[in-house]
Amino acid sequence: MSTTAAVAPWIKKIADEERQRDAVRMRDEEMAARKADLVRRNGRRLVDELGAAVRRDLEAFRDEFPGDPARDMVLEAAAAAEGGFVVRKPAPSAVLLTVTPNLEVAAMVCHYRFTPTNALPPREDRIHVMFTDDGSESLQMKHHGTGQLFATADALSEFLLVPVLTGRPR
């Protein structure tokens, strides 16, 4: 003898809601895994492209001011395995920009240090740039604070270098 009890409507409703939450969670996990794979495959290349664009842009700016030591900026590669670089602008209006990628978390920290000549303490600014998946298997960079999207390394190079070239924070 078996007894089957009718399932109460409120239990069916909760079960349906749980199934919907499970589906959303699975979709989110699949998207996160796809993004992590995309960063793993393309993140270092994107960081290297940014370094090349910064190098090119610094050289072009220096060429506009031949022989001017105040605009003789230096680009140094970082020792980190994930790439990155440091840009140094001499005094007056000394600026140090350090770009440190962390491909594990799909982000870069861009740290500025502005050293004024009037004996005031240095000013430091940080910008967090996230790697983002646009859904078409291409990786883009996004300013975490403003949401501004940089589709190319050239666009991010311009954004990062304006404060360095001018010696003024945003």
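Residues numbered from 1 in each chain as written. Predicted model: local features only at pLDDT ≥ 70, side-chain atom pairs only at ≥ 80, totals over all residues. Heavy atoms only, no water.

Turning our attention to the overall build of the protein chain. Helix and strand content of the protein chain: 2 helices and 7 strands. Its helices and strands taken in sequence order, the protein chain reads α-β-β-β-β-β-β-β-α from the N to the C terminus. A compact globule built from 170 residues should have a C-alpha radius of gyration of about 15 Å, whereas the protein chain, at 24 Å, is more than 25% larger. For the protein chain, the spread of C-alpha atoms along the three principal axes comes to 100 × 35 × 25 Å. Burial statistics for the protein chain: of 170 residues in total, 31% are counted as buried. Considering only contacts in the protein chain between residues 6 or more positions apart, those separated by 24 or more positions represent 40%. (Helix = DSSP H or I, 4+ residues; strand = E, 2+ residues; numbered from the N terminus. Rg over C-alpha atoms; globule rule 2.2 N^0.38 Å. Buried < 20%, exposed > 50% of the residue type's maximum accessible area, 1.4 Å probe, protein only. Contact = heavy atoms within 4.5 Å.)

What follows is about the sheet that holds strand β6 (residues 139-143). Sheet strands pair via backbone hydrogen bonds, and the direction of the pair is either parallel or antiparallel. With respect to topology, 7 strands assemble into an open sheet ordered β1-β2-β3-β4-β5-β6-β7, the strand pairing being antiparallel. Single-partner strands in this sheet number two, and they are β1 (74-77) and β7 (149-150). Sheet topology note: the β6/β7 ladder contains 2 bridges and is antiparallel. Considered in β7, the bridge of K142 is made with L149. This element, helix α1 (residues 9-63), spans β1, β2 (85-89), β3 (94-102), β4 (107-115), β5 (123-133) and β6 of the sheet and lies at about 135° to β5. Packed on one face of the sheet, helix α2 (residues 153-166) meets β2, β3, β4, β5, β6 and β7 and runs near 20° to β4. (Pairing = 2+ DSSP bridges. Axes fitted to C-alpha atoms, helices over the stretch in contact; angles between N-to-C directions.)

With that settled, consider unusual backbone geometry. Residue P92 is reached from A91 by a cis peptide bond, and omega for that bond is -5°. The topology assignment puts P92 in the loop between β2 and β3. Here the phi dihedral of S93 falls at roughly 60°; this positive angle occurs in a residue that is not glycine. Position of S93 relative to the elements: it lies in the loop between β2 and β3. The phi torsion at A106 lies on the positive side, around 55°, for a residue other than glycine. Turning to its location among the elements, A106 is positioned in the loop between β3 and β4.

Moving on to α2. Taking 1.5 Å of rise per residue, 14 residues should cover 20 Å, and α2 covers 20 Å from first to last C-alpha, within 8% of that figure. Remark: G167 follows α2 within two positions and exhibits a positive phi of approximately 75°. (Expected span 1.5 Å × (residues − 1).)

Our focus in this paragraph is the nonpolar core. Proteins that are soluble and globular tend to have nonpolar side chains buried together. If you look at the biggest cluster of nonpolar residues, it comprises 34 residues, and the most contacted ones within it are L50, M108, F131, L156 and L160. For this core, the elements supplying multiple residues, two or more each, are α1, β2, β3, β4, β5, β6 and α2. For this core, the element with the most residues is α1, which contributes 9 residues. Filtering out sequence-adjacent residues up to four positions away, L156 remains in contact with L50, M108, V129, M141 and F150. (Core = buried A, V, L, I, M, F, W, Y, C linked by side-chain atoms within 4.5 Å.)

Here α1 crosses α2 at 50°, and the two axes come no closer than 9 Å. The pairing of α1 with α2 is recorded here as oblique in orientation. The interaxial crossing formed by α1 with α2 has right-handed handedness. Of the residues in α2, those touching α1 at E49, L50, A53, V54, R56, D57, L58 and F61 are A153, D154, L156, S157, E158, L160, L161 and L165. The residue inventory of the contact of α1 with α2, partitioned by class, reads 10 nonpolar, 1 polar and 5 charged. (Parallel < 35°, antiparallel > 145°, perpendicular 65-115°, else oblique. Left-handed = near helix turned anticlockwise from the far one by under 90°. Nonpolar A, V, L, I, M, F, W, Y, C, P; charged D, E, K, R; others polar.)

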